[in-house]
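What follows is the residue order along each chain.
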Amino acid sequence: MMKFLKTIFSIEKKPKKGLLPLEWIVMIYLIITLLATLLLSSKLPHADQMIWGRVRIVVITAALWLVYRLLPCRFTRFVRITTQMGFLAWWYPDTYELNRILPNLDHIFAQWEQQLFGYQPALVFAEHWPSPIVSELFDMGYAAYFPMIAVVGCYYFGWRYNEFERCTFILMASFLIYYVIFIIVPVVGPTFYYKAVGVKKIAAGIFPSMHDYFNYHQECLPSPGYTDGVFYQLVEDAKSTGERPTAAFPSSHIGISTIMMWLIVHARQWKLLLVLLPLYLFLCCATVYIQAHYLIDAIAGFITGTLFYFVLLYATRSMKSR
């Protein structure tokens, strides 16, 4: 333990002078969305909060850069990176503020779902698998999403530090690419759309356009499954505190967790893969089971996650942490 602490607090011989690649990608996203916010400020109900939120992120980024320059070590670099990843919780609802001014597209996605499968998988999945055990396993996988990100990130920091910066850059860049898609493709997912339309109409194959309905309404269905389950309650609590009618297509939960699986394979950490793979599979099933996503969202999440991983891995082959 003492050796580890000495390592992470040892002063780097060649500290990085500028922003980290992960910070650069955040700043690029920040500038793009800031310009969009300024241009659309008259249509955005919380434009001032969005602008000042971005100013705060810039100030915090600069402050952490200064701390690192004063004490350049692995620990301060770790704080810089994890702070930016922590801001994802702020950036996520921000996508709703931008995409809510666009016409909702759920009626199109629900129709595609019906044409492809002949029914709505998100509507019947839980009905065909009502078992409390199945429900809790799926909810456990869904609840494990952020802990899985922490485990993979900490593994790279502790055991593959020379690739830690690249690992976190791939994750952050992928998150922000998904957020851009969420802004320009306003799909809220079954839990919001089914609630707005009515489950009976959805079951009858009626998928009306909601136009700007979700600009003023954020009600969603309670998740199906075993309502007395521990993990069910965790998922419901998370929905009630941070969920917004946004970010359904593609499923970033599946996309990011797919990237994590590839990162573990890249590290050839087979024991860790065996531990996390069941949670990953449960999470993939849960996205449709709890009606957070259409099945086509889930499929698109797997495809885009794999695509983002290999494209970003190739783009960052020359990136080496110091």
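The structure under discussion appears in the preceding block.
Computed from a predicted model, the values in this text were never measured in an experiment.

Undergrad: Please clarify how the pattern of salt bridges should be interpreted in this entry.
TA: Side chains that differ in charge, positive against negative, can pair when their charged atoms come close. Considering all chains together, one arrives at eight salt bridges under this definition. With a closest N to O distance of 3.2 Å, R77 and E12 form a salt bridge. With R77 in helix 4 (residues 74-86) and E12 in the loop between helix 1 (2-9) and helix 2 (21-39), the pair connects residues that are 65 residues apart, well separated along the chain. Owing to a relative accessible area of 1%, R77 belongs among the buried residues under this scheme. What makes E12 buried here is its relative accessible area of 12%.

Undergrad: Help me understand the packing of aromatic side chains in this model?
TA: The geometry of two aromatic rings is summed up by the distance between their centres and the angle between their planes. Under the counting rule described, the total for this entry stands at 27 aromatic pairs. Judged by centre distance (5.7 Å) and plane angle (85 degrees), the rings of Y155 and Y156 are edge-to-face. Neither Y155 nor Y156 differs from the other in exposure class; each is buried. Grouped by ring-pair contacts, the aromatic residues Y92, F175, Y178, Y179, F182 and F308 constitute a single cluster. Over the face of the ring belonging to Y161 we find R74, whose NZ or CZ atom lies 4.0 Å from the ring centre. Positioned above the aromatic ring of Y68 is the side chain of R80, whose terminal nitrogen or guanidinium carbon lies 4.9 Å from the ring centre.

Undergrad: Hey, could you run me through the environment of S209 in this one?
TA: You can see S209 is positioned in the loop between helix 12 (199-203) and helix 13 (230-242). As for S209 and L19, which are separated by 190 residues in sequence, their C-alpha atoms are 44 Å apart. Polar side-chain contacts of S209 include one of 3.4 Å to the backbone nitrogen of H211.

Here is what the cut-offs are and how they apply
All residue numbers refer to positions counted from 1 along the written sequence of the respective chain. Only residues with pLDDT of at least 70 are given local features in this predicted model, and only at 80 or more are side-chain atom pairs given and counted; all residues enter the totals for whole chains, interfaces and linings. Water and hydrogen atoms were dropped before computing side-chain values, which therefore reflect all heavy atoms in the structure. Salt bridge, as applied in this entry: a Lys or Arg side-chain nitrogen positioned within 4 Å of an Asp or Glu carboxyl oxygen. Where helices and strands are cited, they refer to DSSP runs of H or I of at least four residues and of E of at least two residues respectively, numbered from the N terminus. Note on exposure labels: buried denotes an accessible area under 20% of the residue type's maximum, exposed denotes more than 50%, and partly exposed covers the range between, all computed with a 1.4 Å probe on protein chains only. Two aromatic rings from Phe, Tyr or Trp, using only the six-membered ring of Trp, form a pair when their centres are within 6.5 Å; if the ring planes differ by under 30 degrees the pair is stacked, by over 60 it is edge-to-face, and anything between is tilted. The rule is short: NZ of Lys or CZ of Arg within 6 Å of the ring centre and within 35 degrees of the ring normal puts a charge over the ring. N or O atoms closer than or at 3.5 Å make up a polar contact, with two conditions inside protein: a donor-capable atom paired with an acceptor-capable one, and, for residues adjacent in sequence, both atoms drawn from side chains.

So, to be careful, I would describe these as geometric facts and stop short of saying anything about function.
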